[in-house]
Structures are given as structure tokens and as C-alpha cells.
Amino acid sequence: MIIGVPKEIKDHETRVGLVPSGVTALRQAGHEVLVETHAGEGSSITDREYIEAGAAILESAAELWGRADLVVKVKEPQPAEYPCFRPGLILFTYLHLAPQPELTGRLLAARVNGVAYETILESDGSLPLLTPMSEVAGRMAVQVGAQYLERPYGGRGILLGGVPGVAPANVVILGGGVVGTNAAKMAVGMGAHVILIDRNLNRLRELDDIFGGRLVTMASNSYTISGSVLPADLVIGSVLIPGASAPKLVRREMIASMKRGAVVVDVAIDQGGCFETSHATTHTDPIFLVDGVLHYCVSNMPAAVPHTSTFALTNATFPYLLELANNGLEGACRTHAALRAGVNTYNGYVTHSGVAASQGREWRELAAVE
Ligand SMILES: NC(=O)c1ccc[n+]([C@@H]2O[C@H](COP(=O)([O-])OP(=O)(O)OC[C@H]3O[C@@H](n4cnc5c(N)ncnc54)[C@H](O)[C@@H]3O)[C@@H](O)[C@H]2O)c1
């Protein structure tokens, strides 16, 4: 197979979909690898390193998309990349299609076979390609939240951990999965008062054991959410219903009743966000205010720390990429149910029920349209 690695073009996206060790392994398995020039620059990987690993460097993104059988990326394609779509192309990347009907329509019209990192689902219920970036984003959420709570950044001017004699900040985390747990680790470590809310009681039991009383767990309902969000200094949104739009847990009226200068970090924004007032922002222009509450809604947070994120991501994606390259999409999906769950679009059909439900589209089982 010919594997193409374009340079990411989303705002401040400095990660890359394949590192030189992956190029070497693909070459050893008999594949050809094309890398767009400067694709690794943001993660401090030079064209020379890719060449030494066995890749060919291409100057033109259009040529790369045109020649590759499989394009491996990090973020969902941007409008400038839509003209590169063509029938039969395998696209292996984060797609986050639920809130993106236009991109979905383009993939369907061009009959691109889109395999989304975020819906690859292992039999134990884990989402292995979401996990590493969720670990990064969860840890970052507290870091950025603490920064925006500082007065010069527009926040109410409170130190997360307080000091002896002065109470710490109130941090509320909505969703205790990978993002939420990693955020909790940071927030607890910084000395904040932390409430974590999830709808899964078994998850709350596990977290209660892990944190041993250093945070408060609460079952998710509108009563516990409004009771904790109103006095909060920092609220982190980290819920997920795989493949579907995030539930709007915090309504506009709740935001209006929060303290002026409080901060919300909506990590779940890539699935539409769990605050009614959220809209996606970029690293160039990361925040906006609604009723005096700062909203940070960057949909590619890990791009800010590419040295950590590129390697964490490709450690997780590479085994699946190799399987796709060795067996083709259909062959790999026949033997690997986790990969099958990752196929969101195939030959002009939506093949993921969550994506279809979010957009009111029809969907088909992959096996029915192969
Ligand atoms: N913005 C970014 O840069 C970025 C980076 C990484 C991940 N994310 C996103 O963060 C979100 C969370 O990812 P994750 O890996 O932690 O997912 P996860 O599946 O590990 O955790 C999600 C949690 O949400 C809980 N949940 C679902 N509905 C709920 C509700 N109504 N009330 C309370 N809890 C509820 C689930 O029980 C689960 O524990 C995803 O949308 C993911 O795509 C964003």
C-alpha cells in the first residue's frame, strides 16, 4: 500500500500522524510511505529523519493525497483538503463527524472510507486511540483553567490551591472518564477543592477508591450539576457518549448565574461541547466570554504540546495503521471488530450509528455495504 502523511493545516496543529519509527516498520512490511515536506516540523521531526527511515518527501499536498491509498492524519480534514477526496481512499484520522454535517457530506459524496480514531472500540469498552490525547487534554485542562483564572488573563483572580488561611478554588469536573480522571489528578495535586460528576456509579466508586477521599464524587443529574456549577471557579467539561454529540449538561441560565470571571474549559467541544454556550475555538483565539464567564473551547488542545502528543498518539495508532496497511480496510475489519467500529463512512454510506443519529442520517452496517 502507499501510505501518505500530509502536513496538518488546522490552526496551530503541530502534531503529525506518523513518526520515523513507524515509517521504518511500514517499509519493513513492504509498504511505500510518502510524507509532505515539513510535516514533522512542529514535533521537531525533520524531513531528513523521515528520509533516513525510508520515506519519500513530497512538496505538494495534492500530489500526496492523489497518490496515497491510505492517508494517515491527526485532525479532521479542513475545507482546503476536501478537493483531495476521491473514491476508495482510506482516511485514518480523528474525524469527530457528529457535529460536522458538511464534512460528513463531503466524505459520503466522494465515497471516502473514513476510519475515525475516536470510535475504534476494543472489546473491554475502551477507546484506545482517544485515550492518549484525552490524557494530555485532561492534564492540560487544569493548567489552562488555572492560567485563565488569573486576573491578567481575564479570570476572577484566584489561585487554584489557595494558601494557608485562604480557601482553594472550587473545581467541578463533568465526566470521570480519561479526561476527567487526568484533570482530577492535576486539580487535586494543585490543592483545589474538586467535585467530579459522572452518570456511571461504578466509575464513581473506582474514582472514590483511587482518590481516597481527596475529591467529592456525585451522580450526574441536573440538581447535582447546577448545585456544584454555580459556586465553581473552574468547570471542566469532559463527558462523552461515543460517536454522538455531547449532552448539554450546563444550560445558559446556569452560566448566567455563575461567578463573574469563573472559567469553563469545554474539552468535549470536539463532540459539540457540554455547555450550551460553547462553540469551538482555536489556539490563536482560544477564549470568549458569555455572561462574564470565560469559555476555553479549543478542539485540538493536545496540539499545544506536540512533543508529548505526537509520540503519545502514534504509539497508540500505529498497530491499527499497520493492520490496515497489511490487510486492507475490508480484510482488517473482517478480523478486527475494534477497527470495524472505527469505520464511520464507507463507499458513500454512514456506517456508524452514533454519527447517523446525531445528524438525522440513515446508516448501514459495514458488512451490508462492503
Ligand atoms: N478538546 C480536545 O482537544 C480533546 C482532546 C481529547 C479528548 N477530547 C474529548 O473529551 C471528551 C471526553 O473524552 P474521554 O476520553 O474522557 O471519554 P471517556 O469515555 O473516557 O469518558 C467520558 C465520561 O463521560 C461520562 N458521561 C457520559 N454522559 C454523562 C452525563 N450525562 N453526565 C455525566 N457524565 C457522563 C461517562 O460515564 C464517562 O465516564 C471526548 O469528547 C473527547 O473527544 C477533547
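In what follows, the structure referred to is the one given above.
The model shown is predicted, which means the values in this text are computed figures rather than measured ones.

Draft legend 1. Structural view of the overall build of the chain. Along its length, the chain carries 13 helices and 15 strands. For the chain, the C-alpha radius of gyration of 21 Å lies close to 21 Å, the compact-globule estimate for 370 residues. Structurally, the chain occupies a C-alpha span of about 65 × 45 × 35 Å along its principal axes. A burial count over the chain gives 54% of its 370 residues as buried. Long-range pairs, those at least 24 residues apart, make up 63% of the contacts in the chain with a sequence separation of at least 6. As displayed, the chain offers around 14,700 Å² of accessible surface, 53% of which is attributable to carbon and sulfur atoms. Here the chain contributes 28 positive and 36 negative side-chain charges, whose respective centroids are spaced 4 Å apart.

Draft legend 2. Looking closely at the site of the ligand. The full set close to the ligand counts 27 residues, and S134, D198, S220, D270 and M301 are the nearest of them. Separating an oxygen atom of the ligand from a backbone N or O atom of G177 is a distance of 3.5 Å. In the environment of the ligand, an oxygen atom lies 2.8 Å from a nitrogen or oxygen atom belonging to the backbone of V179. Counting only elements with at least two residues in the shell around the ligand, the list comes to α5 (131-148) and α6 (178-189). No other element matches the three residues that α5 contributes to the shell around the ligand. In terms of residue class, the shell around the ligand is built from 13 nonpolar, eleven polar and three charged.

Draft legend 3. Here's a closer look at the environment of R67. Considering the arrangement of structural elements, one finds R67 in helix α3 (residues 61-67). The partly exposed category is assigned to R67, whose relative accessible area is 37%. When sequence neighbours within four positions are dropped, the list of residues in contact with R67 reads I2, E32, L34, L58 and R86.

Draft legend 4. Molecular detail of the sheet that holds strand β9 (residues 216-219). Across the sheet, which stays open at both edges, the seven strands sit in the order β9-β8-β7-β10-β11-β13-β12 with mixed pairing between neighbours. The strands lining the two open edges of the sheet, one partner per strand, are β9 and β12 (287-290). The sheet shows a mean angle of 20 degrees between the axes of neighbouring strands, direction not considered. Pairing of strand β10 (residues 234-237) with strand β11 (residues 263-266) involves four bridges; the strand directions are parallel. Bridging from a neighbouring strand, I236 pairs with V265 of β11. In the packing of helix α8 (residues 222-229) onto the sheet, contacts are made with β7 (170-174), β8 (193-198), β9 and β10, and the angle to β8 comes to roughly 160 degrees.

Draft legend 5. Layout of the packing of α5 against α6. In contact at an axis separation of 7 Å, α5 and α6 are set at 35 degrees when each is read in the N-to-C sense. Crossing geometry of α5 relative to α6 is assigned as right-handed. Mapping the contact onto sequence places T131, S134, E135, G138, R139 and V142 in α5 and V178, V179, N182, A183, K185, M186 and A187 in α6. Looking at the contact of α5 with α6 residue by residue, the classes come out as six nonpolar, four polar and three charged.

Draft legend 6. Examining the side chain of T93 more closely. Among the secondary structure elements, T93 is positioned in strand β5 (residues 90-93). One polar contact links the side chain of T93 to the main-chain carbonyl oxygen of V74, over a distance of 2.9 Å. Other than its neighbours up to four places away in sequence, T93 contacts K73, V74, K75, E76, V115, A116, Y117 and E118.

Draft legend 7. Quick peek at the sheet that holds strand β2 (residues 32-36). As summarised here, the arrangement of the eight strands in space is β3-β2-β1-β4-β5-β6-β14-β15, forming an open sheet in which the pairing is mixed. Because the sheet does not close on itself, it has two edges, and the strands there are β3 (56-58) and β15 (349-350). Note that strand β1 (residues 2-5) and β2 share four bridges and pair parallel. Paired with I3 across the two strands is V33, which belongs to β2. Helix α10 (residues 306-335) rests against β1, β4 (70-72), β5, β6 (113-116) and β14 (343-346) of the sheet, and its axis sits at about 150 degrees to β5.

Draft legend 8. Fine view of the packing of α6 against helix α7 (residues 201-211). At a closest axis distance of 12 Å, the pairing of α6 and α7 adopts a crossing angle of 30 degrees. It follows that α6 is roughly parallel to α7 by the angle criterion. Our pair here, α6 against α7, has a crossing hand that is right-handed. Taken together, the residues of α7 that come into contact with α6 (itself represented by T181, A184, K185 and V188) are R203, L207 and F211. Here the contact of α6 with α7 is built from residues that sort into four nonpolar, one polar and two charged.

Draft legend 9. Looking closely at helix α4 (residues 101-109). Buried residues of α4: L103, T104, L107 and L108, and no others. Along α4, the residues classed as buried sweep out an arc of 135 degrees about the axis, all on the same side. In this structure, α4 carries E102 and A109 as exposed residues pointing more than 90 degrees from its buried face. Each element contacted by the buried residues of α4 is listed here: β5, β14, β15 and α12 (353-359).

So, how was this worked out
- Residues numbered from 1 in each chain as written.
- Predicted model: local features only at pLDDT ≥ 70, side-chain atom pairs only at ≥ 80, totals over all residues.
- Heavy atoms only, no water.
- Helix = DSSP H or I, 4+ residues; strand = E, 2+ residues; numbered from the N terminus.
- Rg over C-alpha atoms; globule rule 2.2 N^0.38 Å.
- Buried < 20%, exposed > 50% of the residue type's maximum accessible area, 1.4 Å probe, protein only.
- Contact = heavy atoms within 4.5 Å.
- Areas by Shrake-Rupley, 256 points an atom, 1.4 Å probe, with all protein chains shown as cover.
- Lys, Arg positive; Asp, Glu negative; His and termini not counted.
- Charge placed at Lys NZ, Arg CZ, Asp CG, Glu CD.
- Near = heavy atom within 4 Å.
- Polar contact = N/O pair within 3.5 Å; in protein donor to acceptor, adjacent residues only side chain to side chain.
- Nonpolar A, V, L, I, M, F, W, Y, C, P; charged D, E, K, R; others polar.
- Pairing = 2+ DSSP bridges.
- Axes fitted to C-alpha atoms, helices over the stretch in contact; angles between N-to-C directions.
- Left-handed = near helix turned anticlockwise from the far one by under 90°.
- Parallel < 35°, antiparallel > 145°, perpendicular 65-115°, else oblique.
- Arc of directions from axis to C-beta.

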